[in-house]
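Each chain is listed here by its residues.
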Amino acid sequence: MIIDAHVHLQGPGASVQERTDRLLHFADKHGIDKLVACLGATLRVAPTAEELREDNDYILSAVAYRPDRIVGYCYCSPAHPEASVEEMDRTIAKGPLRGVKMWVCRHCDDPGSDPIARRAAELGVPILQHTWIKATGNMPTESRPEHMVNLALRHPQTQFIMAHSGGDWQRGLRIVRHVPNITADVCGGNPEQGQVEMAVKLLGAERVVWGSDASGRSFASQLAKVVAADIPDADRSLILAGNIARRIGL
(Lines give C-alpha, C1' and ligand atoms only; values in the text may rest on other atoms or scores of the structure.)
Protein backbone atom coordinates (compact mmCIF):
# COMPACT_ATOMS: atom_id res chain seq x y z
CA MET A 1 0.00 0.00 0.00
CA ILE A 2 1.21 3.50 -0.92
CA ILE A 3 -0.70 6.62 0.11
CA ASP A 4 0.37 10.01 -1.20
CA ALA A 5 -0.33 12.31 1.74
CA HIS A 6 -0.01 15.62 -0.15
CA VAL A 7 -1.36 16.31 -3.64
CA HIS A 8 -3.13 19.14 -5.47
CA LEU A 9 -5.68 18.70 -8.25
CA GLN A 10 -4.56 21.60 -10.41
CA GLY A 11 -3.26 21.28 -13.95
CA PRO A 12 -4.55 20.30 -17.40
CA GLY A 13 -8.23 19.44 -17.73
CA ALA A 14 -11.37 21.52 -17.65
CA SER A 15 -13.08 19.74 -14.77
CA VAL A 16 -12.16 18.23 -11.43
CA GLN A 17 -13.02 14.83 -12.87
CA GLU A 18 -10.60 15.24 -15.79
CA ARG A 19 -7.84 16.46 -13.49
CA THR A 20 -8.46 13.60 -11.08
CA ASP A 21 -8.33 11.05 -13.90
CA ARG A 22 -5.07 12.51 -15.17
CA LEU A 23 -3.38 12.40 -11.79
CA LEU A 24 -4.62 8.87 -11.10
CA HIS A 25 -3.28 7.78 -14.49
CA PHE A 26 0.24 8.68 -13.39
CA ALA A 27 -0.31 7.41 -9.84
CA ASP A 28 -1.18 4.01 -11.28
CA LYS A 29 2.14 3.88 -13.10
CA HIS A 30 3.89 4.11 -9.72
CA GLY A 31 1.67 1.79 -7.72
CA ILE A 32 0.15 4.59 -5.61
CA ASP A 33 -3.16 3.46 -4.14
CA LYS A 34 -4.66 6.65 -2.68
CA LEU A 35 -4.13 10.40 -3.00
CA VAL A 36 -4.82 12.90 -0.22
CA ALA A 37 -5.90 16.11 -1.97
CA CYS A 38 -6.19 19.66 -0.68
CA LEU A 39 -6.82 23.24 -1.84
CA GLY A 40 -9.08 23.96 -4.79
CA ALA A 41 -9.01 24.44 -8.54
CA THR A 42 -6.51 27.28 -8.13
CA LEU A 43 -4.03 28.06 -5.37
CA ARG A 44 -5.58 30.98 -3.49
CA VAL A 45 -3.04 32.57 -1.18
CA ALA A 46 -5.57 34.58 0.84
CA PRO A 47 -9.02 33.11 0.23
CA THR A 48 -12.17 34.79 1.45
CA ALA A 49 -14.61 32.77 3.55
CA GLU A 50 -16.69 32.20 0.41
CA GLU A 51 -13.64 31.04 -1.53
CA LEU A 52 -12.76 28.56 1.21
CA ARG A 53 -16.16 26.98 0.71
CA GLU A 54 -15.70 26.92 -3.08
CA ASP A 55 -12.30 25.25 -2.75
CA ASN A 56 -13.66 22.67 -0.33
CA ASP A 57 -16.56 21.95 -2.67
CA TYR A 58 -13.96 21.24 -5.36
CA ILE A 59 -12.25 18.65 -3.16
CA LEU A 60 -15.61 17.18 -2.13
CA SER A 61 -16.38 16.71 -5.83
CA ALA A 62 -13.14 14.79 -6.35
CA VAL A 63 -13.84 12.56 -3.35
CA ALA A 64 -17.39 11.89 -4.55
CA TYR A 65 -16.08 11.07 -8.03
CA ARG A 66 -13.43 8.58 -6.87
CA PRO A 67 -14.05 7.71 -3.21
CA ASP A 68 -11.96 4.57 -3.65
CA ARG A 69 -8.85 6.58 -4.53
CA ILE A 70 -9.20 10.21 -3.38
CA VAL A 71 -9.11 11.40 0.23
CA GLY A 72 -9.65 15.08 0.98
CA TYR A 73 -8.61 17.78 3.44
CA CYS A 74 -10.67 20.83 4.38
CA TYR A 75 -9.00 24.13 3.49
CA CYS A 76 -9.04 26.44 6.52
CA SER A 77 -7.66 29.91 7.18
CA PRO A 78 -6.68 31.69 10.41
CA ALA A 79 -7.93 34.86 8.71
CA HIS A 80 -11.43 33.36 8.89
CA PRO A 81 -11.51 31.15 12.00
CA GLU A 82 -15.30 31.09 12.44
CA ALA A 83 -15.93 30.25 8.80
CA SER A 84 -13.14 27.65 8.93
CA VAL A 85 -14.69 25.85 11.89
CA GLU A 86 -18.04 25.90 10.09
CA GLU A 87 -16.34 24.34 7.07
CA MET A 88 -14.76 21.67 9.28
CA ASP A 89 -18.19 20.81 10.66
CA ARG A 90 -19.69 20.71 7.17
CA THR A 91 -16.96 18.73 5.42
CA ILE A 92 -15.41 16.63 8.20
CA ALA A 93 -17.92 16.20 11.04
CA LYS A 94 -20.82 15.83 8.59
CA GLY A 95 -18.85 14.94 5.48
CA PRO A 96 -16.13 12.68 4.08
CA LEU A 97 -13.02 14.83 4.51
CA ARG A 98 -10.35 13.57 6.91
CA GLY A 99 -8.07 16.46 7.82
CA VAL A 100 -7.33 20.18 7.61
CA LYS A 101 -5.02 22.09 5.30
CA MET A 102 -3.65 25.53 6.14
CA TRP A 103 -1.40 27.42 3.76
CA VAL A 104 0.14 30.91 3.70
CA CYS A 105 -2.47 33.60 4.42
CA ARG A 106 -1.04 34.15 7.93
CA HIS A 107 1.68 32.64 10.06
CA CYS A 108 0.21 29.47 11.51
CA ASP A 109 0.80 30.57 15.11
CA ASP A 110 -1.59 33.49 14.56
CA PRO A 111 -4.37 33.43 17.21
CA GLY A 112 -6.85 32.80 14.40
CA SER A 113 -5.48 29.26 14.14
CA ASP A 114 -6.48 28.37 17.70
CA PRO A 115 -10.18 27.63 17.07
CA ILE A 116 -9.20 25.53 14.06
CA ALA A 117 -6.65 23.55 16.07
CA ARG A 118 -9.11 22.98 18.92
CA ARG A 119 -11.79 21.70 16.56
CA ALA A 120 -9.28 19.44 14.79
CA ALA A 121 -8.46 17.83 18.14
CA GLU A 122 -12.17 17.32 18.87
CA LEU A 123 -12.68 15.71 15.46
CA GLY A 124 -9.50 13.63 15.77
CA VAL A 125 -8.02 14.83 12.47
CA PRO A 126 -4.58 16.25 11.64
CA ILE A 127 -3.67 19.69 10.36
CA LEU A 128 -1.35 19.77 7.34
CA GLN A 129 0.51 23.08 7.53
CA HIS A 130 2.73 24.49 4.80
CA THR A 131 6.15 25.42 6.16
CA TRP A 132 9.27 26.58 4.36
CA ILE A 133 12.63 28.15 5.09
CA LYS A 134 13.60 29.95 1.89
CA ALA A 135 17.09 31.13 1.08
CA THR A 136 15.53 33.97 -0.90
CA GLY A 137 13.24 34.94 1.99
CA ASN A 138 9.74 33.80 2.83
CA MET A 139 6.56 35.56 1.84
CA PRO A 140 5.55 37.92 4.67
CA THR A 141 2.90 35.52 6.03
CA GLU A 142 4.54 32.21 5.07
CA SER A 143 5.10 29.91 8.05
CA ARG A 144 8.47 28.55 9.08
CA PRO A 145 8.98 25.53 11.35
CA GLU A 146 9.29 27.84 14.34
CA HIS A 147 5.69 29.01 13.79
CA MET A 148 4.62 25.37 13.59
CA VAL A 149 6.28 24.66 16.94
CA ASN A 150 4.54 27.61 18.60
CA LEU A 151 1.11 26.41 17.45
CA ALA A 152 1.74 22.75 18.29
CA LEU A 153 2.90 23.57 21.81
CA ARG A 154 -0.29 25.54 22.40
CA HIS A 155 -2.36 22.55 21.25
CA PRO A 156 -0.68 19.33 22.46
CA GLN A 157 -3.84 17.29 21.79
CA THR A 158 -3.84 18.22 18.09
CA GLN A 159 -1.83 16.31 15.53
CA PHE A 160 0.10 18.47 13.05
CA ILE A 161 1.88 17.55 9.83
CA MET A 162 4.73 19.90 8.86
CA ALA A 163 4.62 20.02 5.07
CA HIS A 164 7.87 19.81 3.11
CA SER A 165 9.89 19.10 6.29
CA GLY A 166 10.27 22.86 6.48
CA GLY A 167 11.78 23.19 2.99
CA ASP A 168 15.32 23.38 4.32
CA TRP A 169 14.82 19.96 5.84
CA GLN A 170 18.14 19.75 7.69
CA ARG A 171 17.05 22.74 9.75
CA GLY A 172 13.33 22.09 9.77
CA LEU A 173 13.59 18.57 11.17
CA ARG A 174 15.88 19.71 13.96
CA ILE A 175 13.53 22.54 14.92
CA VAL A 176 10.52 20.24 15.47
CA ARG A 177 12.25 17.12 16.75
CA HIS A 178 11.26 17.66 20.39
CA VAL A 179 7.57 18.38 19.70
CA PRO A 180 5.86 14.98 19.66
CA ASN A 181 2.58 16.09 18.05
CA ILE A 182 4.38 17.26 14.90
CA THR A 183 4.90 14.78 12.08
CA ALA A 184 7.01 15.76 9.06
CA ASP A 185 6.05 15.08 5.48
CA VAL A 186 8.88 14.78 2.98
CA CYS A 187 7.04 16.11 -0.07
CA GLY A 188 8.19 18.76 -2.50
CA GLY A 189 11.71 19.95 -2.99
CA ASN A 190 14.47 18.10 -4.76
CA PRO A 191 14.90 14.32 -4.22
CA GLU A 192 17.98 14.78 -2.08
CA GLN A 193 19.74 11.83 -0.55
CA GLY A 194 19.57 11.68 3.22
CA GLN A 195 16.31 13.51 3.90
CA VAL A 196 14.28 10.46 4.89
CA GLU A 197 17.16 8.91 6.81
CA MET A 198 17.57 12.09 8.84
CA ALA A 199 13.85 12.33 9.49
CA VAL A 200 13.77 8.77 10.81
CA LYS A 201 16.84 9.34 12.96
CA LEU A 202 15.58 12.57 14.53
CA LEU A 203 11.83 11.97 14.75
CA GLY A 204 11.42 8.21 14.55
CA ALA A 205 9.75 6.49 11.62
CA GLU A 206 6.31 6.90 13.22
CA ARG A 207 6.51 10.69 12.76
CA VAL A 208 7.34 10.72 9.04
CA VAL A 209 4.88 10.55 6.13
CA TRP A 210 5.42 10.51 2.39
CA GLY A 211 3.83 12.88 -0.08
CA SER A 212 4.66 14.07 -3.57
CA ASP A 213 3.23 17.61 -3.81
CA ALA A 214 1.91 16.57 -7.23
CA SER A 215 1.08 17.98 -9.62
CA GLY A 216 3.77 20.50 -8.76
CA ARG A 217 6.29 17.67 -8.39
CA SER A 218 6.49 14.26 -10.04
CA PHE A 219 5.55 11.06 -8.27
CA ALA A 220 8.79 9.39 -9.37
CA SER A 221 11.19 12.01 -8.00
CA GLN A 222 9.42 12.12 -4.65
CA LEU A 223 9.01 8.35 -4.27
CA ALA A 224 12.75 8.00 -4.83
CA LYS A 225 13.40 9.69 -1.47
CA VAL A 226 11.74 6.81 0.37
CA VAL A 227 12.31 3.89 -1.99
CA ALA A 228 16.08 4.52 -2.11
CA ALA A 229 16.44 5.48 1.56
CA ASP A 230 18.76 3.39 3.73
CA ILE A 231 16.10 2.47 6.29
CA PRO A 232 14.47 -0.80 7.40
CA ASP A 233 11.59 -2.04 5.26
CA ALA A 234 9.25 -1.79 8.24
CA ASP A 235 10.01 1.94 8.51
CA ARG A 236 9.52 2.35 4.76
CA SER A 237 6.04 0.82 5.02
CA LEU A 238 5.10 3.18 7.84
CA ILE A 239 6.26 6.21 5.87
CA LEU A 240 4.60 5.20 2.60
CA ALA A 241 1.22 4.33 4.09
CA GLY A 242 0.92 3.20 7.70
CA ASN A 243 1.47 6.53 9.44
CA ILE A 244 -0.89 8.63 7.34
CA ALA A 245 -3.52 5.88 7.33
CA ARG A 246 -3.48 5.90 11.12
CA ARG A 247 -3.71 9.68 11.38
CA ILE A 248 -6.66 10.07 9.02
CA GLY A 249 -8.48 6.90 9.96
CA LEU A 250 -8.19 4.88 6.76
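**Student:** Even after reading the chapter, I still don't get the overall build of the protein, so can you show me in this structure?
**Tutor:** When helices and strands are counted, the protein shows nine helices and nine strands. In terms of overall size, the protein behaves like a compact globule, its C-alpha atoms giving a radius of gyration of 16 Å where 250 residues would be expected to give roughly 18 Å. By the burial criterion, 55% of the 250 residues in the protein qualify as buried. In the protein, the proportion of contacts linking residues at least 24 apart, taken out of those at least 6 apart, comes to 75%.

**Student:** I'm lost on helix 6 (residues 169-176) in this one. Help?
**Tutor:** Residue pairs three or four apart in sequence face the same way in an α-helix, which turns once every 3.6 residues. Along helix 6, the residues that are buried comprise Trp169, Gly172, Leu173 and Val176. Burial along helix 6 is one-sided: seen end-on, the buried residues are contained in an arc of 95 degrees. Its buried side turned inward, helix 6 meets helix 5 (145-154), strand 7 (160-163), strand 8 (182-185) and helix 7 (195-203).

**Student:** Can you walk me through the sheet that holds strand 2 (residues 34-37) in this structure?
**Tutor:** Sheet strands associate in pairs through backbone hydrogen bonding, adopting either a parallel or an antiparallel arrangement. Pairing is parallel across the open sheet formed by three strands, whose spatial order is 1-2-3. Of all the strands in the sheet, just strand 1 (3-7) and strand 3 (70-72) have a single pairing partner and so form its edges. Averaged over all pairs of adjacent strands, the angle between strand axes in this sheet comes to 25 degrees, irrespective of strand direction. Here strand 1 runs beside strand 2; their pairing, made up of three bridges, is parallel. Residue pairing for strand 2: valine 7 is matched across the bridge by alanine 37. Contacting strand 1, strand 2 and strand 3, helix 9 (residues 233-248) crosses the sheet at an angle of about 65 degrees to strand 1.

**Student:** What's the story with helix 9 in this structure? I'm lost.
**Tutor:** For helix 9, with 16 residues, the first-to-last C-alpha span of 22 Å sits near the 22 Å given by 1.5 Å per residue. Isoleucine 239 marks where helix 9 bends most, by close to 55 degrees. Buried residues of helix 9: Asp235, Arg236, Ile239, Leu240, Ala241, Asn243, Ile244, Ala245, Arg247 and Ile248, and no others.

**Student:** Any chance you could explain the nonpolar core here in plain terms?
**Tutor:** Nonpolar side chains in soluble globular proteins tend to end up buried together. Counting 59 residues, the largest nonpolar core has Leu35, Val100, Ile182 and Trp210 as the members making the most contacts within it. Here this core takes six residues from helix 7, the largest share from any one element. In this view, leucine 35 contacts Asp4, Val7, Leu23, Leu24, Ala27, Arg69, Ile70, Val71 and Phe219; residues no more than four positions away in its chain are not counted. Counting 19 residues, the second largest nonpolar core, distinct from the first, contains Tyr75, Trp103, Leu128 and Ala241.

**Student:** Looking at this model, I keep getting lost on the sheet that holds strand 7. Mind explaining?
**Tutor:** Strand order in the open sheet formed by six strands is 4-5-6-7-8-9, and the pairing between neighbours is parallel. Edge positions in the open sheet fall to strand 4 (74-75) and strand 9 (208-209), since each of these has one partner strand only. Here strand 8 runs beside strand 9; their pairing, made up of two bridges, is parallel. Its bridge partner lying in strand 9, aspartate 185 is registered against valine 209.

**Student:** Explain the packing of helix 3 (residues 81-93) against helix 4 (residues 114-123) to me, please; I cannot follow it from the model alone.
**Tutor:** When two helices pack together, you describe them by how their axes are tilted relative to each other and by the distance separating the axes. The contact between helix 3 and helix 4 brings their axes to 9 Å, and the two run at 20 degrees. Taken together, the axes of helix 3 and helix 4 lie roughly parallel to each other. For the pair helix 3 and helix 4, the crossing hand works out as right-handed. Contact residues: helix 3 offers Pro81, Ser84, Val85, Met88, Asp89, Ile92 and Ala93, while helix 4 offers Pro115, Ile116, Arg119, Ala120 and Leu123. For the contact of helix 3 with helix 4, a count of residues per class yields nine nonpolar, one polar and two charged.

Scoring rules and cut-offs
Residues numbered from 1 in each chain as written. Predicted model: local features only at pLDDT ≥ 70, side-chain atom pairs only at ≥ 80, totals over all residues. Heavy atoms only, no water. Helix = DSSP H or I, 4+ residues; strand = E, 2+ residues; numbered from the N terminus. Rg over C-alpha atoms; globule rule 2.2 N^0.38 Å. Buried < 20%, exposed > 50% of the residue type's maximum accessible area, 1.4 Å probe, protein only. Contact = heavy atoms within 4.5 Å. Arc of directions from axis to C-beta. Pairing = 2+ DSSP bridges. Axes fitted to C-alpha atoms, helices over the stretch in contact; angles between N-to-C directions. Expected span 1.5 Å × (residues − 1). Bend = angle between axes of the 7 residues up to and from the residue. Core = buried A, V, L, I, M, F, W, Y, C linked by side-chain atoms within 4.5 Å. Parallel < 35°, antiparallel > 145°, perpendicular 65-115°, else oblique. Left-handed = near helix turned anticlockwise from the far one by under 90°. Nonpolar A, V, L, I, M, F, W, Y, C, P; charged D, E, K, R; others polar.

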